[in-house]
Amino acid sequence: MIEQLLFWVFAILACGGAVAVVATHNVVRMAFWLVVSLGSVAALFFLLHADFLGAAQLLIYVGGTVVLLVFGVMLTASGPYNAIPTSPAEGIVGGAVGFLLLFVLVSSIGSVDWTEVSGRLPAVPAAPYLVDMTLAAKADESFVNTGSPRAKAEFAATQQQGRTVRQLGLGFLGLRPDRHLAEGDGKGSASGYFLPFEIVSVHLLVVLIGAAYLARAKRRVVPEGSMNVG
Amino acid sequence: MGDIGLSQYLMVGAVLFVCGVVCMATKRNVIGVLMGVELVLNGSNVNFVAFSRYTPLGLDGQATALFVIVLAAAEAAVALAIALNFYNNHLTIDVDRGNELHG
Amino acid sequence: MSETTGKILMLLLTAAWLLPLAGFVVEIYWLRLSHRLHKGAAYCAVGCIGLGFLCSLSALLFWGYQNNWSALTESDHHAHAVAGTAAHASGSDQQSAVKHEEDDDDDEDDGDDDENEGGHTEHAHAHADDADHAHDPHADHAHAAPVRKYATGTYYELARFSGLRVSLDWYIDSLTLVMFVMVTFIATCIHLFAIGYMKDELTEEYEDHEVHLHGGGHFSRPGRFHRFFAYLSLFCFSMLGLVLAGNIFQVFIFWELVGLSSYLLIGFYIERKSASTAANKAFIMNRVGDFGFLIGMMILWTSFGTFQFGDRGEGAHAEAGLFTMVRGHDGKLDVSEDGKQVYLRNAEGERAEKNGVPLTISYVLLVAAGLGVFAGSIGKSAQFPLQTWLPDAMEGPTPVSALVHSATMVAAGVYLAARFYPVFTPEVLLGIAYIGCITLFIAATIAVVVTDIKRVLAYSTISQLGYMMLAIGVSGWGAALFHLVTHAFFKSLMFLCSGSVIAGCHHVQDMNRMGGLRHKMKITAYTMLIGVIAIAGLAIPGTSIGLSGFYSKDAIVASAMAYSELNPGHFLLFITPLVTAGITSFYMFRLWFLTFAGAPRDAEVYEHCHENPRIMTTPLIVLAVLAAGCAWGGEGGPLYRLIVDSETVPAVNRVISVGSSHVTLPSHQGHESDVHHVHATAGILALVSALIGMAMAYLLYVKKAVDPHQIRMQFSSVYDFLVDKWRFDALYEVMFVAPVHVISAWCVDFDRRVLDTILHGAAKVTVIAAKWDRFFDETFVDGVVNLVGNVTYTVGNSLKVVQTGRLRQYVMWIAVGVIALFGALFSAIPK
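What counts and how
- Residues numbered from 1 in each chain as written.
- Chains lettered and ligands numbered in written order.
- Predicted model: local features only at pLDDT ≥ 70, side-chain atom pairs only at ≥ 80, totals over all residues.
- Heavy atoms only, no water.
- Helix = DSSP H or I, 4+ residues; strand = E, 2+ residues; numbered from the N terminus.
- Buried < 20%, exposed > 50% of the residue type's maximum accessible area, 1.4 Å probe, protein only.
- Contact = heavy atoms within 4.5 Å.
- Areas by Shrake-Rupley, 256 points an atom, 1.4 Å probe, with all protein chains shown as cover.
- Axes fitted to C-alpha atoms, helices over the stretch in contact; angles between N-to-C directions.
- Parallel < 35°, antiparallel > 145°, perpendicular 65-115°, else oblique.
- Nonpolar A, V, L, I, M, F, W, Y, C, P; charged D, E, K, R; others polar.
- Core = buried A, V, L, I, M, F, W, Y, C linked by side-chain atoms within 4.5 Å.
- Disulfide = S-S within 2.5 Å.
- Pairing = 2+ DSSP bridges.
- Buried area = accessible area lost by both parts, 1.4 Å probe.
- Salt bridge = Lys/Arg side-chain N within 4 Å of Asp/Glu carboxyl O.
- Polar contact = N/O pair within 3.5 Å; in protein donor to acceptor, adjacent residues only side chain to side chain.
- Expected span 1.5 Å × (residues − 1).
- Left-handed = near helix turned anticlockwise from the far one by under 90°.

**Some details on the overall build of chain B**
If you tally the helices and strands in chain B, you get three helices and zero strands. Mapped in sequence order, the helices and strands of chain B form the string α-α-α. Here chain B holds 103 residues, and the buried ones make up 67% of them. Residue pairs in contact within chain B that sit at least 24 positions apart in sequence constitute 56% of those at least 6 positions apart. By element, 64% of the accessible surface of chain B is carried by carbon and sulfur atoms, the whole surface being about 3,200 Å².

**A few points about the packing of helix 11 (residues 248-266) of chain C against helix 12 (residues 273-304) of chain C**
Residue and element names in this part refer to chain C. Between helix 11 and helix 12, whose axes approach to 8 Å, the crossing angle comes to 170°. When the axes of helix 11 and helix 12 are compared, the pair comes out roughly antiparallel. Contacts between helix 11 and helix 12 involve Ile-248, Phe-249, Val-251, Phe-252, Trp-255, Glu-256, Gly-259, Leu-260, Tyr-263 and Ile-266 on the former and, on the latter, Ala-275, Ala-278, Ala-279, Asn-280, Ala-282, Phe-283, Arg-287, Asp-290, Phe-293, Leu-294 and Met-297. A per-class count over the contact of helix 11 with helix 12 returns 16 nonpolar, two polar and three charged.

**What to know about the nonpolar core**
All names here are of chain C. By size, the foremost hydrophobic cluster in this structure holds 239 residues, and its most contacted members are Trp-389 and Phe-420. No other element matches helix 20 (residues 477-504), which puts 18 residues into this core. Setting aside anything within four residues of it in sequence, one finds Trp-389 in contact with Ile-266, Lys-281, Ala-282, Met-285, Asn-286, Gly-379, Lys-380, Ala-382, Met-409 and Val-410.

**Comments concerning the state of the cysteines**
Across all of its chains, the model carries zero disulfides over all chains by this definition. Among the cysteines around B:Cys23, which has no disulfide bond, B:Cys19 carries the closest sulfur, lying 8.5 Å off.

**What to know about the pairing of strand 2 (residues 164-172) of chain C**
All names here are of chain C. Across the nine residues of strand 2, seven count as buried, placing the element largely inside the fold. When strand 1 (residues 151-161) meets strand 2, the two strands line up antiparallel, connected through nine bridges. Each bridged residue has a counterpart across the sheet, and for Arg-160 the counterpart in strand 2 is Arg-165.

**Describing the environment of B:Leu71**
All names here are of chain B. Among the structural elements, Leu-71 can be located in helix 3 (residues 59-90). We classify Leu-71 as partly exposed; its relative accessible area is 37%. Along the sequence, Leu-71 and Leu-41 sit 30 residues apart, while their C-alpha atoms lie 9.6 Å from each other.

**A word on the interface of chain A and chain B**
Much of the literature gives interface size as the accessible area that the parts lose upon coming together. Contact residues are listed per partner, giving 81 residues for chain A and 69 residues for chain B. Buried area between chain A and chain B, both sides added, is near 6,900 Å², and the carbon and sulfur share of it is 78%. Taken together, chain A and chain B are joined by zero salt bridges. Applying the counting criterion to the chain A and chain B interface returns eight residue pairs in polar contact (both at pLDDT 80 or more). Only helix 1 (2-23), helix 2 (27-47), helix 3 (51-76), helix 4 (88-111), helix 5 (114-120), helix 9 (165-172) and helix 10 (194-215) of chain A provide two or more residues apiece to the side of chain A that touches chain B. Here the side of chain A that touches chain B takes 13 residues from helix 3 of chain A, the largest share from any one element. Considering only residue class, the side of chain A that touches chain B consists of 57 nonpolar, 19 polar and five charged.

**Here's the deal with helix 18 (residues 426-449) of chain C**
For helix 18 of chain C, built from 24 residues, the straight-helix expectation of 34 Å at 1.5 Å per residue is met to within 8% by its first-to-last C-alpha distance of 36 Å. Burial within helix 18 of chain C is extensive, with 20 of its 24 residues counted as buried.

**Focus: the sheet that holds strand 6 (residues 341-343) of chain C**
All names here are of chain C. Read across the open sheet, the three strands follow the order 5-6-9; overall the sheet is antiparallel. Each edge of the open sheet carries a strand with a single partner, namely strand 5 (334-335) and strand 9 (360-362). Pairing between strand 6 and strand 9: three bridges, direction antiparallel. Its bridge partner being in strand 9, Val-342 is matched across the sheet by Ile-361. On the sheet, helix 14 (residues 363-380) packs against strand 5, strand 6 and strand 9 and is oriented at approximately 70° with respect to strand 9.

**Description of the side chain of C:Gln383**
All names here are of chain C. Inspection of the secondary structure assignment puts Gln-383 in the loop between helix 14 and helix 15 (389-392). Gln-383 sits in the buried class, given a relative accessible area of 0%. A distance of 3.1 Å separates a polar side-chain atom of Gln-383 from the backbone oxygen of Ser-381. Discounting chain neighbours no more than four positions away, the residues touching Gln-383 are Ile-378, Ile-435, Gly-436, Thr-439, Ile-462, Leu-465, Gly-466 and Met-469.

**Here we look at the environment of C:Ser498**
All names here are of chain C. Residue placement: Ser-498 occurs in helix 20. By relative accessible area, Ser-498 is classed as buried at 0%. As for Ser-498 and Gln-509, which are separated by 11 residues in sequence, their C-alpha atoms are 8.5 Å apart. Once you skip the residues sitting within four places of it in the chain, Ser-498 turns out to touch Thr-398, Ile-453, Lys-454 and Leu-457.

**Let's talk about the interface of chain B and chain C**
Listed as interface residues are 13 residues of chain B and, on the opposing side, 10 residues of chain C. Taken over both partners, the interface formed by chain B and chain C buries close to 970 Å², and the fraction arising from carbon and sulfur atoms is 62%. For the interface between chain B and chain C, the tally reads two salt bridges. C:Arg806 is paired through a salt bridge with B:Asp96; the nearest N and O atoms lie 3.6 Å apart. At the junction of chain B and chain C, the tally comes to three residue pairs in polar contact (both at pLDDT 80 or more). Sorting elements by how many residues they give to the side of chain B that touches chain C places helix 1 (residues 6-26) of chain B first, with four residues. For the side of chain B that touches chain C, the residue count by class is five nonpolar, five polar and three charged.

**A look at the packing of helix 22 (residues 548-566) of chain C against helix 23 (residues 572-596) of chain C**
Residues and elements named next belong to chain C. The contact between helix 22 and helix 23 brings their axes to 8 Å, and the two run at 155°. Put simply, helix 22 runs roughly antiparallel to helix 23. Taken as a pair, helix 22 and helix 23 cross one another with a handedness that is left-handed. The residues of helix 23 that touch helix 22, namely those facing Lys-553, Val-557, Ala-560, Met-561, Tyr-563 and Ser-564, are Leu-573, Phe-574, Pro-577, Leu-578, Ala-581 and Thr-584.

**Focus on unusual backbone geometry**
Cis geometry is found at the peptide bond from C:Phe384 to C:Pro385, where omega equals 5°. Examined against the element boundaries, C:Pro385 turns out to sit in the loop between helix 14 and helix 15. Positive phi outside glycine occurs at A:His49, with the angle close to 65°. The residue A:His49 is located in the loop between helix 2 and helix 3 in this model. Among the residues examined, A:His49 registers a relative accessible area of 15% and is labelled buried. Here the phi dihedral of C:Ala382 falls at roughly 55°; this positive angle occurs in a residue that is not glycine. Structurally, C:Ala382 is set in the loop between helix 14 and helix 15.

**A look at the pattern of salt bridges**
Inspection of the entire model under this criterion finds 16 salt bridges over all chains. Between C:Glu271 and C:Arg221 there is a salt bridge whose closest N-O contact spans 3.4 Å. One end of the pair, C:Glu271, is in the loop between helix 11 and helix 12; the other, C:Arg221, is in strand 4 (residues 218-221), with 50 residues separating them in the sequence. The partly exposed category is assigned to C:Glu271, whose relative accessible area is 24%. The class of C:Arg221 is buried, set by a relative accessible area of 4%. By sharing partners, the salt bridges in this structure join A:Glu90, B:Arg28, B:Asp94, B:Asp96, C:Arg806 and C:Arg808 into a single network.

Shown next as structure tokens:
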């Protein structure tokens, strides 16, 4: 019951913050509402048993990205540029398009029977023997092996509730504790995220260097002797 | 109140996504546009994590969401750098002024 | 002759041959070495040719020493019939002599048989006889390859096409040696004479009185003394190369070089229209003959696969030369039964075989080859019908005329015909005889009426060349070459004399303006008289002592008489030279009387005329001595024996022809020969004829018993005909030049009317088509292209407003797009 309540609270906060971001004109206020919205999303993550992701959301978005945006505001939007007004017509058109899009999305979401869809998915988590041996030992294997897919998913979910740090870490090292290696065709479905992780890390490094290069202070007066440096 | 399920989370994600899109479409401030982008990304993230929770996909959703966060951070950094350059060149951050490539 | 002897002779003659070439190179670049006014070029030329003469002479002496002068002492071995066999068995050279005798023997047998059967048995018959003799111990001997009387070898092989060789060869026999000595000696004399004659050219400003400029003055140019001698040296080099050449291809090369040299020299005064025309005429007329020569050469090469004259190599590796291939070693044509094929021989004299099939050449082809080669001789030796270039060649300086008419150019034709005697079939020989006969008569008659001193000599040259050709045709091989050498001496002498007269009289050449010059030009007059007597063939009646021309002409007339006795149908071949001997005597004495005797007809010429310096008279005296004495002994003398030492076998024996002509060639040597029978008679007849000619000249031009003018009036049509040179030039004008003009005019008309019309029409059509094409291009093609471009541009232009550059709008469009996509999706997918 408390979970439901919390969901609704944070869902409304997140949606409301997002709408407020759209609605306000002042950049600083927009940043504030953004913080509210993103923080609520982090809370939703926790509700979804994604504890590490929620923490990352808070750290990176709320603590990092938004601060970065505010710095950007500080460096650029001084004085009159803090709030650049949008014409009402644009606002109306934007709103109309937004509502239409929302309608499309919501109607799509509503028209799908998610239970049935998830049941059709092939990936059934095997016994989480690597994750928590003690829990796995206690599990009723006959129930697990004979139950419906949904039961299996729920079982697995309850087994891993809010304890995703170790699993993600192993996943990024190339191991998948929540998958049986012999599953599926046994070739690729049980692979970890080692390679994407590396790619993303290098990507991040490159982007940061590039950002630093782009944002560096330009020297306006070039000394005579260094013209050829360019 | 009813039972909380996948649909509710997807609704939240949809709202965030639409808000982001509208934000991008209406804000003339570069920072505002960036904020819209963040909102869009967050909306999708909510979806990923919700799928991770309510479907047998397991950790895949969370891992993807994590990548999205990282990429969003990177994108924000670069976008801000570009915005700073834009500001240095145009002495404004109005995206409507950056229309040198119009037809 | 032995190989070592041949090598040494080759080295000596090669030196003599190449020295003039070295001289030519030096002289043609004389201006780089020295001054135009310097006489060094002349001395260089004289030195080269003189050294060449010494080399040639030493070669001849060396050759004679090596043979113990057997050629001189034993040339009458044919006379001793078979009895000589034992006597001559010792010397290696005499082996062939032995063979000759046996051939004689066989042949005489054959001849007897043939006469019994009506005189035209085929050669196959003769071969049957040979087969009968096969058991005879002599038979082997007869077929064994005799020791060669020549030496041959290769300087350098230019190319080889699977058995066909093209090479620079040398071929030396006694004829080569005699020709070398004769050519170099006469050339030396002429060079010396030319030093004096050409001294006018030793100037920076030579005024040519024959070339009239439009302004009224005369053309003047720098003197060309050195160039004249350079050309002379080139001429000598070419002629010597021709004589030394060891294959027919090489002969052809030097043949053309001789033609080129004569072209350069005849056209020496190139600024004179007449000189350049004469040079062209000589060159083109020669090309006509050379065309036949080329054809003959091609036939020979295709049929025989070789250009070589002589055999090469020894034993099994021996390669047969042309002569051996045709004649073998017994001198007979090996004609097949049906008379259509001639079997070729190998180096042993047997029938040549290739893969078991005997090699043959079609008899007709062999005749064609002979006629072709002789056509070359016709051109070069100015025989009928190509004789007209030689008189015009008088445009060259007189020393050139002397050289051309005696030792080099015209001699080359006779030399070639003589060299190729073995290849000529009796039919070809008959043709040669008639050509020579016609030529000698025509030229002699023209010479009677000509008044230009040099032209008289020119026509006499043609006439004498006709004698030589006639001699070759009637198988008087030795007589022809004998006359060639003697004629070279007395004709060069006479030309130099005439040159001396011309130089002395300041370039007056018309005999009508001379007369009585013997008082002023003693040496010239009396040396000239020696030449005249020599060419007229006079001798002391009752003895056989005369000057050189007497002996050689005697030999020719005797051959002709023997021939006409054996072939009564061809009596003209005897009558004509006999009559012409009288005419020759007449016009030569006419020349001398008109020039040197009597009273001066042109006082001015007489006043200014003078004897020439010693450098010009010395050669005259030397040549006069040789012209008088070179043929000493006649047909028993050294010169004739030297020449006939290399006489080819077929010229010696009596030969009965096959085919359609049915001629019998007289046997030639020995006291039993056909010629010997008639020799005395022929000599007396020729002498009588010559004496009559001389007497008539004396009566007409010295005693004035009859006024020549009256005769001229009496026979004016004949006179005009002769003055017009039998109208040959007119005939050629009508036959060749005029038709060419007409045809050219037609061609021009055709060009103008038809071709030009077609071309212009085609051009117009093209222009019109191009205009239409342009219209089409500009209208349709360009239109389509422009349309595409315009449409693209317009569409792009109209669409560019979509690209506002406004970021937010794009985002909006994305959103709208997504909505539209979804809408479409939902409406399309059935529920």
